[in-house]
Amino acid sequence: MKLSALHQSYLSRRSNSFKSSGPLDSASDAGYKSPAAVFWLILHGLCCLFSLVLGFRFSRLVFFLLFSTSSSNLYTPPFRSAAELAKTLDVHSGLPTNPVVNNLRFPMPNNTATNSRVIVGRHGIRIRPWPHPDPVEVMKAHQILERVQKEQRLQFGVKDPRTIIVVTPTYVRTFQALHLTGVMHSLMVVPYDLIWIVLEAGGVSKETASLIAKSGLNTIHVGFNQRMPNSWDERHKLESKMRLHALRIVREKKLDGIVMFADDSNMHSMELFDEIQNVKWFGAVSIGILATSVNIDESSDRKEEEENPRMPIQGPACNASNMLAGWHTFNTIPFAGKTAVNIDDRLTVLPRKLEWSGFVLNSRLLWKGGEDKPEWIKDIDMLDGDVESPLGLITDPSVVEPLGSCGRQVLLWWLRVEARADSKFPPRWIIDPPLDITIPSKRTPWPDAPPELPAKEKPELGIQDPIVKHTTKTRTSRSKHRSKRKHETRTDTQVSTRHAEQN
Amino acid sequence: MRICLWGLLVVALGFAWSITAAEHNPRTERISGSAGDVLEDDPVGKLKVYVYELPSKYNKKILQKDPRCLSHMFAAEIYMHRFLLSSPVRTLNPQEADWFYTPIYATCDLTPTGLPLPFKSPRMVRSAIQLISSSWPYWNRTEGADHFFVVPHDFGACFHYQEEKAIERGILPLLRRATLVQTFGQRNHVCLNEGSITIPPYAPPQKIQARHIPPETPRSISVYFRGLFYDVNNDPEGGYYARGARAAVWENFKNNPLFDISTDHPTTYYEDMQRAIFCLCPLGWAPWSPRLVEAVVFGCIPVIIADDIVLPFADAIPWEEIGVFVAEEDVPKLDTILTSIPPEVILRKQRLLANPYMKRAMLFPQPALPGDAFHQILNGLARKLPHSKSVYLKPGEKILNWTAGPVGDLKPW
């Protein structure tokens, strides 16, 4: 519509200029036509012809590129006649230098002449040249988040939070890094003061020490001279002993706070740490048991799938008046005969009747000769035999405080997954020296792997066929060891590959 | 000696006052806008409102035809009527009334999808005014200058949803002297009269109260927004809708992990807002949006991206101290702007938002509570009293042009 108006005005001017000068004089606003005005007129006419040919409004594009320099002033003169356009073209010169504005099209004028800066009509969509986050700003945003959350904690969170004393029994094995890192990262995020007592079966080792040193937490690393046995029963017994030893440490050092037991393969939620701040003397929380079984009986499987599969919970049970009424424990009957006995067994690992991790206690209970210590706590030094669960530390189980809205909230999850007892892993999970064997294997264990490429273009990373590995290892060890340059290694291995394949 | 005693008394009083002031909850802060500390004012006794008795075809019958009008964002007109009928400011004697209210539900002609059609509203309002001017003498006395109307539609009394057409029509000629209580507010705009009272859009209070999460849930979302960026039905290329601002937000920040923005319709929308620090409130086809109400109620700092917008109860609520205003041309720099706000300022804004009177002033609860939006409207009307002498016309003087406006508006309703 606008284009046709321009066209008309242009055509009328064109025709006027070819006819007598009388109508031309009356048509143009100024007294006479300057060569510049004629030039602009002809230019505009050419642009119109262009757009006719090309099929889009080419002249508009040019106008907008010229007008977009004035991005602050949005008021624009109304689109009336070619002469006025020529005038405005005179005013703005040069192409835009503003790199920010992309895809800008002309805003249409407001009909009412108000002083409003804001114009109705089509506007440009402003996109900056690099629409991606700036890392400095992301850091600032995270600092803002932290500050706001700290303020929230101050206002709504626990008043006078107590130190949390975490007791974790562990030992060096393949999955230790996996489990312990999980617990460690959970503890690093806890907003309260923390003391981490790590007990290690088999003595203090560099593995564990290096792992927990990365946390930056206040740790007490204690070694236990016994090695961790292979059978789950024995293992639970040793862990209980280690935990009792930790309680003795708490007593000796007179640590003040809340003692909780974080086994290294458990998963903790952050609400757990907020909730246990509410404990007075001895509390219990609900644990979700993730005892997945590898081989389940088909009949029981079908039955379970028909109902809603529920996660078994271990923890306090309350009656209607929110008082402790009993305990939910794990139902071992469906798993009878199919439970793992040794760590190596690929069967379900079951929790004990009541896991240690579901209990928290005030460390003052353990102190010698505490002023207002309740009578129902037994003296740890007097304990002789095995303590299956922390309930063995108290004489009266009804004094236990149920936490997490009376046991309805599951705050942590229990799982025991271990690798085979004889599985090997590189010390500290660092492969040093770096593997310099890069031979792809002819036979891959994955059936749908893509077919191998021809010999010349073998990919860098490959799976090591054990046989090939041995032969090349000997070859590379024969040739210079570590001072070798990379490409020489490669040619050597290439040579050895061909030999190996021909074998 | 006497002076010493008086001085001591003054000091003691000052001490006591400061103690009581300090006992004020450290979580919230008092709100005082340009009109002063007026958010908690009680309008009872400051003004008297007379409610005209219009035939039910103007209000009840319309509502009966479509009860959806009670829950959409324009429901303020209906609830204001109900509130006034049972409020102590209502007077049955029109001689002593300061303000006159016409209960007309002009925004209740809904399409099947629930959007109000404003095409019949001018005729409806015109016929109502004809009725009240012929049955009562109070309209002709001032030609409506001491009357107020609730017009919560997109562009207020311009009665159109398209901004260009609304500007063309302008405010309905008969309403030009009346006080308009409307949701639309933009400076230097035809559809905002001098002296209008801007109100928030209606948000259902029960739904909002039901979705509160515990306040200790940490706010972990930096910037939150849910809504359209491109209105594909009406403006597929973008550039018209929201003056290109929403599209700019999407294009610049869709890859930014700090910005949780999408066109989803999650069921946890209210809960998510309570876990966010900043909530974007960009303009849409009109500059106002219920997002502002939701952000304020849920304690999320509103980031208002609408040039020249006039926010609800702007004289009672100091919006610059509570929200963040970003010009539409600065949208590409939104992340820089938001991250460069010092944390103390953010905490102060959150404290202001936590003030229960602030939250209440944005809502229309039934039954009405002190300090809610109904009371803020009455407070606004009370602040305009006493009427100046120019409001009352000399006998025989006529200012309004009863035949102005498009021909279609002059047809009877």
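Residues numbered from 1 in each chain as written. Chains lettered and ligands numbered in written order. Predicted model: local features only at pLDDT ≥ 70, side-chain atom pairs only at ≥ 80, totals over all residues. Heavy atoms only, no water.

You'll find chain B entered in an unreviewed UniProt entry as Exostosin GT47 domain-containing protein, with Hibiscus trionum given as the organism. Regarding chain B, the UniProt comment filed under Sequence similarities (unreviewed entry) reads as follows: "Belongs to the glycosyltransferase 47 family." (UniProt positions renumbered as here; feature names shortened; annotations may be inferred.)

An unreviewed UniProt entry annotates chain A as Glycosyltransferases originating from Hibiscus trionum. Checking UniProt for chain A, the heading Function (unreviewed entry) contains the comment "Involved in the synthesis of glucuronoxylan hemicellulose in secondary cell walls." As recorded by UniProt, the Sequence similarities (unreviewed entry) comment attached to chain A reads in full: "Belongs to the glycosyltransferase 43 family."

Asker: Help me out: how do you make sense of the overall build of chain A in this one?
Answerer: The secondary structure content of chain A amounts to 14 helices and 12 strands. Relative to its full complement of 503 residues, chain A shows a buried share of 40%. Counted over contacts in chain A with a minimum sequence separation of 6, partners at least 24 positions apart contribute 71%. Carbon and sulfur atoms provide 56% of the accessible area of chain A, an area that totals close to 29400 Å². (Helix = DSSP H or I, 4+ residues; strand = E, 2+ residues; numbered from the N terminus. Buried < 20%, exposed > 50% of the residue type's maximum accessible area, 1.4 Å probe, protein only. Contact = heavy atoms within 4.5 Å. Areas by Shrake-Rupley, 256 points an atom, 1.4 Å probe, with all protein chains shown as cover.)

Asker: What's the story with the packing of helix α3 (residues 76-85) of chain B against helix α15 (residues 373-383) of chain B in this structure? I'm lost.
Answerer: Helix packing for two helices is described by the angle between their axes and how far apart those axes are. All names here are of chain B. Between α3 and α15, the shortest axis-to-axis distance is 11 Å and the interhelical angle comes to 75°. The orientation of α3 relative to α15 falls into the category roughly perpendicular. Two secondary-structure elements touch here, α3 through Tyr79, Met80, Phe83 and Leu84 and α15 through Phe374, His375, Ile377 and Leu378. For the contact of α3 with α15, the residue count by class is seven nonpolar, one polar and no charged. (Axes fitted to C-alpha atoms, helices over the stretch in contact; angles between N-to-C directions. Parallel < 35°, antiparallel > 145°, perpendicular 65-115°, else oblique. Nonpolar A, V, L, I, M, F, W, Y, C, P; charged D, E, K, R; others polar.)

Asker: Help me understand the sheet that holds strand β3 (residues 147-150) of chain B in this model?
Answerer: Whether parallel or antiparallel, the strands of a sheet pair through hydrogen bonds between backbone atoms. All names here are of chain B. If you walk across this open sheet you meet the five strands as β1-β2-β3-β4-β5, and the pairing is parallel. With partners counted over all chains shown, the strands left at the sheet margins are β1 (49-51) and β5 (197-198), one partner each. Where β3 lies against strand β4 (residues 179-182), three bridges are found, and the strand directions are parallel. Paired with phenylalanine 149 across the bridge in β4 is leucine 180. (Pairing = 2+ DSSP bridges.)

Asker: Any chance you could explain the interface of chain B and chain A here in plain terms?
Answerer: Frequently, the measure chosen for interface size is the accessible area removed from exposure when the parts meet. Taken together, the contact pairs 48 residues of chain B with 37 residues of chain A. Together chain B and chain A conceal approximately 3800 Å² of surface at their shared face, both sides included; 59% is due to carbon and sulfur atoms. Of all residues in chain B, the largest losses of buried area upon contact with chain A belong to Arg27(B), Tyr240(B) and Thr339(B), amounting jointly to 14% of the total for that side. Linking chain B to chain A there are three salt bridges. Of the charged contacts, one joins Arg122(A) and Glu237(B) as a salt bridge, the two residues approaching to 2.8 Å between their closest N and O atoms. Where the side of chain B that touches chain A is concerned, the elements lending two or more residues are α6 (163-169), β6 (221-226), α8 (245-253), α12 (334-339) and α13 (343-354) of chain B. Tallying contributions element by element places α8(B) first for the side of chain B that touches chain A, with five residues. Looking at the side of chain B that touches chain A residue by residue, the classes come out as 19 nonpolar, 14 polar and 15 charged. (Buried area = accessible area lost by both parts, 1.4 Å probe. Salt bridge = Lys/Arg side-chain N within 4 Å of Asp/Glu carboxyl O.)

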